[in-house]
Number of protein chains: 2
Amino acid sequence: MSFNPLIDQYLGTQLDASIQELYAYCAQPSIAAQKLGVHECAAMTRSMLEKRGFSVQVFQTSGSPIVFAERKGRVDKTLLFYNHYDVQPPEPLELWLSPPFEPTLRDGVLFARGVSDDKGHLTSRLFAIDAILANEDELPCTIKFVVEGEEEVSSVNLEHFVKTQRELLKADACIWESGGVDFNDRPVQYLGLRGISYVELHVRTANQDVHSGLGGSIFPNAAWRMVWALQSLKGSDERIRIDGFYDDVKPVSERSRKLMAELPDTAGEYKKRYGLNGFIKGLTGGTELQIEEVFTPTCTICGLTSGYQGEGSKTILPSEARAKVDFRLVPDQRPESIIPLLRAHLDKHGFEDIEIIDLGSEAPAMTDPDDPFVQLVVESAGDVYGQSMQIVPLSGGSGPNAIFMDILKIPIVSAGVGHPGAQAHAPNENMRLDLYLKGAQHIARIIKAFGGG
Amino acid sequence: MSFNPLIDQYLGTQLDASIQELYAYCAQPSIAAQKLGVHECAAMTRSMLEKRGFSVQVFQTSGSPIVFAERKGRVDKTLLFYNHYDVQPPEPLELWLSPPFEPTLRDGVLFARGVSDDKGHLTSRLFAIDAILANEDELPCTIKFVVEGEEEVSSVNLEHFVKTQRELLKADACIWESGGVDFNDRPVQYLGLRGISYVELHVRTANQDVHSGLGGSIFPNAAWRMVWALQSLKGSDERIRIDGFYDDVKPVSERSRKLMAELPDTAGEYKKRYGLNGFIKGLTGGTELQIEEVFTPTCTICGLTSGYQGEGSKTILPSEARAKVDFRLVPDQRPESIIPLLRAHLDKHGFEDIEIIDLGSEAPAMTDPDDPFVQLVVESAGDVYGQSMQIVPLSGGSGPNAIFMDILKIPIVSAGVGHPGAQAHAPNENMRLDLYLKGAQHIARIIKAFGGG
């Protein structure tokens, strides 16, 4: 079945209007970690969906509201889109070339916090829907959207929502929030996400900071306690030392290894883009690097803070220290087991004084590469990108895909507007307009094919 | 020789005027680490000294100016006062009960940044001079002041100044910037200071922070590098692991041990005041704790900073990390050897990527407890405090006393207005007015006795 050229024509001519909508969407800060602008952004999301004839419900939570939308199609067969309207904090602000919440176009690239993660994905999907509805009276299939506002803070309220609304969310397949191309502009299909357990470690050793000349030889020092506790978790050999941490790690399957072996080598690109001298664990590149990148669980220090951090010297012994630590988890590790294992580890090593604050967790999950919906999405990409879509069995990031897969029992695929230089979570987050258009073309093809053409 | 009661009478009746002068002095911020207000404060110091008939010279340096003042007395015998007008940064501001640069009196205690370290000491000395000059035409001895503005940043320009101005600074004895009473309000004579080497460690592993889902398994992490480098310096056994670090440590002499054994136990007071659960190294109190407190060199993390430190979670892999570290040194460790030893250690342990930034150093130094000037100061304290002055051979803090002792070859003693709850370097720094008066009375007696009565 050949694709309706009028849909592509609409996308080609109306690109600017869609980008304008994305500008306004990105100009609205929506930082879940700082509870900033999330209600305003939820309302904006609602009105954007209503504009396309969706019936929308906004579900309040203890944090950001969840926006649900549905529009019936020619057939009952239902495609579910999962997106999020929240963004990462923009700090460090001084590294942005243009302000994070003032979307700025430079050389065909749009810069703004959230433009790639995840607002551009959502508007490109709406743009695809616009193009179909400009040419057809009805959607080819029923479409549902779940747009949450806490993806960047481990989707703390989503599981409860999906569990209690499973009838409302019933669908046959799901397209995930992200997707896009690799370093060679080849489209990539990500079939899974690692899990995560994000904690803050906190220790207090005195009721105040003390002159280091007084306490240095005899008082406990919160910064040292934290350093030693962290070092007990992982040494420079990169092996995580928590008893039982690796117990549930499933060996990488032959099918996954084969898929990973087909991916292009990213070592050179990573080194250049991030200014790396090399990789850890003696890795140099190739399939070994690719597999290690996603199929190994991690223990990453995301932030450290203690004592004096200003200019010059201040001779104090800090009374308090904090570390933000994320553990990325692979199948079949269970996020709910991480904090108990960590607590036991710290206690066993004499760090009963280190408090663990749970900042959220998500399970790892992978869709079967042989699911027919995966094939549909891969085939739809061909004529858009001029290159066959590469299948990546697992991606290094995390998200609440396990919730949907476990509760709704549906395959989840990726298709989107991202690229490796998108600087997600970093300063100068951006999106390429050419990939935005292609992403919308791809989504339009998926919807058409899913509804039967 | 009995002391002139009119001098004490002056001090008793004019206390308020001196405190008003101290208010204004503390209201002037003078943060050397942040280069804030130091020139203004130097000018203020100059005018305060000129008001007392001193001839003043202000020496410019690459940092804060050094104020030198001299007033001839009845005899050529010269007493040198060393003070500093700079203060520690006031952060964390939220812990101050009143703003750090708005001096506030509560229940006979004056709160302000710098009031105890070291502005109150200087004004109390001027107050003693006022009292003498109100009753006598001339000073009993020649008095010189060196008031520097970089004591809190390791007196980086002082050594050069003392070396090049040794004729100008010629004196027979020196009274140090600090001094005061112990937990039992008993006056204490500190005869020495530890040395210090203050460094900032810095590491950069990439040109930007990276999404932790991407780099966590394969990219170097600056925060982890810093944790491992720090842990290589000192483990939880508190033993500093740098080769050669302890080589020049002189065993504690019998004379020092005897003097330390006469000091009251501070364990209970420390625990209560700082909310400690206990001490490190299995220490519980007594002479053992006292000796460990000052006669052991330290490696103290004063500050740690890396990655995301805001509210909630941000999943990044930090590209940069910094640690502020001070090493307190005991006789006969040499500060100039510490950075080379540290560099060699880091290189040996695979941390060539950790940069060392030198933030200043000072040598340890002790005055002979049997020097006649020490005896004069101890005897002068008796009738002021109603308790005999305790001699402490070494104090845990640091300062540029070695410069004066080595170059000018003079004994250095302490006599001042401090107390153990003064919160030097911490929020709510303070000074007790009753001790301010006593400090001035003591100084007046020392000047009189030194000049021959």
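Throughout, a residue's number is its position along its own chain's written sequence, starting from 1. All chains are assigned letters beginning at A, and all ligands numbers beginning at 1, according to the order in which they are written. Selection of residues for local features in this predicted model requires a pLDDT of at least 70, selection of side-chain atom pairs for listing and counting requires 80 or more, and totals for whole chains, interfaces and linings are taken over all residues.

Let us look at the overall build of chain A. Summing up its helical and strand segments, chain A has 14 helices and 20 strands in all. The C-alpha atoms of chain A give 23 Å as radius of gyration, which agrees with the globular expectation for 453 residues (22 Å, within 12%). Overall, the C-alpha framework of chain A stretches about 80 × 45 × 45 Å when taken along its three principal axes. Comment: burial labels come from other C-beta atoms within 10 Å of the residue's own C-beta, placed from the backbone, where a count of 20 or more is buried, 12 or fewer is exposed, and between is partly exposed. When burial is assessed residue by residue, chain A has 57% of its 453 residues classed as buried. Each helix is a run of H or I in the DSSP string that is no shorter than four residues. Each strand is a run of E no shorter than two, and both are numbered from the N terminus. Computation of the radius of gyration draws on C-alpha atoms, with the globule rule given as 2.2 Å multiplied by the number of residues to the power 0.38.

With that settled, consider the packing of helix α12 (residues 372-385) of chain A against helix α14 (residues 433-450) of chain A. All names here are of chain A. For helices, the fitted axis covers only the stretch in contact; all axes are lines through C-alpha atoms, and the angles between them, taken along N-to-C directions, range from 0 to 180 degrees. Running from N to C, α12 and α14 cross one another at 135 degrees; their axes reach a closest spacing of 9 Å. With respect to α14, the axis of α12 lies oblique. Crossing angle aside, the handedness with which α12 passes α14 is right-handed. Only Lys-438, Gln-441, His-442, Arg-445, Ile-446, Ala-449 and Phe-450 of α14 make contact with α12, whose side of the interface consists of Leu-376, Val-377, Ser-380, Ala-381, Val-384 and Tyr-385. Residues are grouped as follows: nonpolar covers Ala, Val, Leu, Ile, Met, Phe, Trp, Tyr, Cys and Pro; charged covers Asp, Glu, Lys and Arg; every other residue, Gly included, is treated as polar. Grouping the amino acids of the contact of α12 with α14 by side-chain chemistry returns 8 nonpolar, 3 polar and 2 charged. Convention used here: angles under 35 degrees read as roughly parallel, angles over 145 as roughly antiparallel, angles from 65 to 115 as roughly perpendicular, and any remaining angle as oblique. Handedness of a crossing is defined here by the sense of rotation of the near helix relative to the far one, left-handed for an anticlockwise turn of less than a right angle and right-handed for a clockwise turn. Here, residues touch in the contact sense if the C-beta positions derived from the backbone fall within 7 Å of one another.

Residues and elements named next belong to chain B. Read across the open sheet, the 3 strands follow the order β4-β5-β20; overall the sheet is antiparallel. In this open sheet, the two strands that pair with only one neighbour each are β4 (104-106) and β20 (430-432). Direction aside, neighbouring strands of the sheet carry axes that sit 25 degrees apart on average. For two strands to pair, DSSP has to find at least two bridges joining them. Pairing geometry for β4 and strand β5 (residues 109-111), over 3 bridges, is antiparallel. Each residue of the ladder has a partner; that of Leu-105, found in β5, is Leu-110. On the sheet, helix α3 (residues 115-133) packs against β5 and β20 and is oriented at approximately 45 degrees with respect to β20.

Once that is clear, we can look at the interface of chain B and chain A. Contacts between the two partners involve 74 residues from chain B, matched on the other side by 74 residues from chain A. Per element, the largest residue contribution to the side of chain B that touches chain A is 8 residues, and it comes from strand β12 (residues 300-307) of chain B. In terms of residue class, the side of chain B that touches chain A is made up of 33 nonpolar, 31 polar and 10 charged. Two strands pair when backbone bridges link them, and strand β12 (residues 300-307) of chain A and β12(B) are joined in this way by 5 bridges, in the antiparallel orientation. By the bridge assignment for β12(B), A:Ser306 is matched with B:Leu304.

Once chain B has been moved 0.1 Å along the axis and rotated by 180 degrees, it coincides with chain A to within an RMSD of 0.1 Å. When the rotation and shift are considered jointly, the pair of chain copies conforms to a two-fold rotation axis. Taking C-alpha positions as reference, the residue of chain B nearest the rotation axis is B:Thr305, located at 2.4 Å. A least-squares superposition brings the copies together, and it is based on the C-alpha atoms of residues with pLDDT no lower than 70 in both.

Attention shifts here to the environment of B:Phe295. Residues and elements named next belong to chain B. Residue placement: Phe-295 occurs in helix α10 (residues 286-295). A tally of 22 C-beta atoms within 10 Å means that Phe-295 is categorised as buried. With 33 residues separating them along the chain, Phe-295 and Arg-328 place their C-alpha atoms 9.7 Å apart. With residues near it in sequence (within four places) discarded, Phe-295 still touches Val-252, Val-330 and Leu-394.

Core membership is restricted to buried Ala, Val, Leu, Ile, Met, Phe, Trp, Tyr and Cys residues, and these are joined into a nonpolar core through C-beta atoms within 7 Å. In this structure, A:Met226, A:Ile447 and B:Met226 are the most contacted members of the largest nonpolar core, which totals 281 residues. Contact partners of A:Met226, with chain neighbours within four places excluded, come to A:Leu201, A:Val203, A:Ser306, A:Ala321 and A:Ala323.

Residue and element names in this part refer to chain A. For the domains described, the bounds stem from an automatic or database domain assignment. Its domain assignment divides chain A into domain 1 (5-191 + 367-450) and domain 2 (195-249 + 297-362). Averaged C-alpha coordinates put domain 1 and domain 2 at centres separated by 35 Å. On the domain 2 side, the residues contacting the 9 residues of domain 1 number 8 residues. Of the residues belonging to the side of domain 1 that touches domain 2, the class tally is 4 nonpolar, 5 polar and no charged.

Before going further, it helps to examine the environment of A:His425. Along the polypeptide, A:His425 turns up in the loop between β19 (412-413) and β20 (430-432). Taking the C-alpha atoms as reference, A:His425 lies 31 Å from A:Asp383; in sequence the two are 42 residues apart. When near neighbours in sequence (up to four residues on either side) are disregarded, A:His425 contacts A:Gln88, A:Asp117, B:His211, B:Thr315 and B:Ile316.

This part takes up the pairing of strand β10 (residues 192-204) of chain B. Residue and element names in this part refer to chain B. Here β10 lies mainly inside the structure; 10 of its 13 residues are buried. Sheet topology note: the β10/strand β16 (residues 365-366) ladder contains 2 bridges and is antiparallel. In the strand pairing of β16, Leu-193 is matched with Ala-365. Taken together, the 2 bridges between β10 and strand β18 (residues 395-398) define a ladder with parallel strand orientation. Looking at the pairing, Leu-193 lines up with Ser-395 of β18. Note: β10 against strand β15 (residues 355-362), 6 bridges, orientation antiparallel. Its bridge partner lying in β15, His-202 is registered against Glu-355.

Residue and element names in this part refer to chain A. Taken in spatial order, the 6 strands of this open sheet run β1-β2-β6-β3-β7-β19, and their pairing is mixed. Among the strands making up the open sheet, the edge pair consists of β1 (55-59) and β19. In the packing of α14 onto the sheet, contacts are made with β3 (73-84), β6 (139-148) and β7 (173-175), and the angle to β6 comes to roughly 125 degrees.

Positionally, B:Glu293 belongs in helix α10. B:Glu293 gets classed as buried once you count the C-beta atoms within 10 Å, which come to 25. Distance in space between the C-alpha atoms of B:Glu293 and B:Glu150 is 25 Å, their sequence separation being 143 residues. In this structure, B:Glu293 is in contact with A:Ser217, A:Ile218 and B:Gly396, ignoring residues within four places of it in sequence.

Owing to its 3.6 residues per turn, the α-helix aligns residues three or four sequence positions apart on the same side. By this rule, a helix spans an expected 1.5 Å times one less than how many residues it contains. Under the 1.5 Å per step criterion, the end-to-end length of helix α7 (residues 222-233) of chain B is 17 Å for 12 residues, consistent within 8% with the ideal 16 Å. The set of residues buried in α7(B) consists of B:Ala222, B:Ala223, B:Trp224, B:Arg225, B:Met226, B:Val227, B:Trp228, B:Ala229, B:Leu230, B:Gln231 and B:Leu233.

All names here are of chain A. Each neighbour pair has its own omega, and for Pro-331 with Asp-332 the value is -5 degrees, a cis peptide bond. With respect to the secondary-structure elements, Asp-332 resides in the loop between β14 (320-329) and α11 (335-348). In this structure, Asp-185 takes a positive phi of about 65 degrees despite not being glycine. By C-beta crowding, Asp-185 is classed as partly exposed, having 16 other C-beta atoms within 10 Å.

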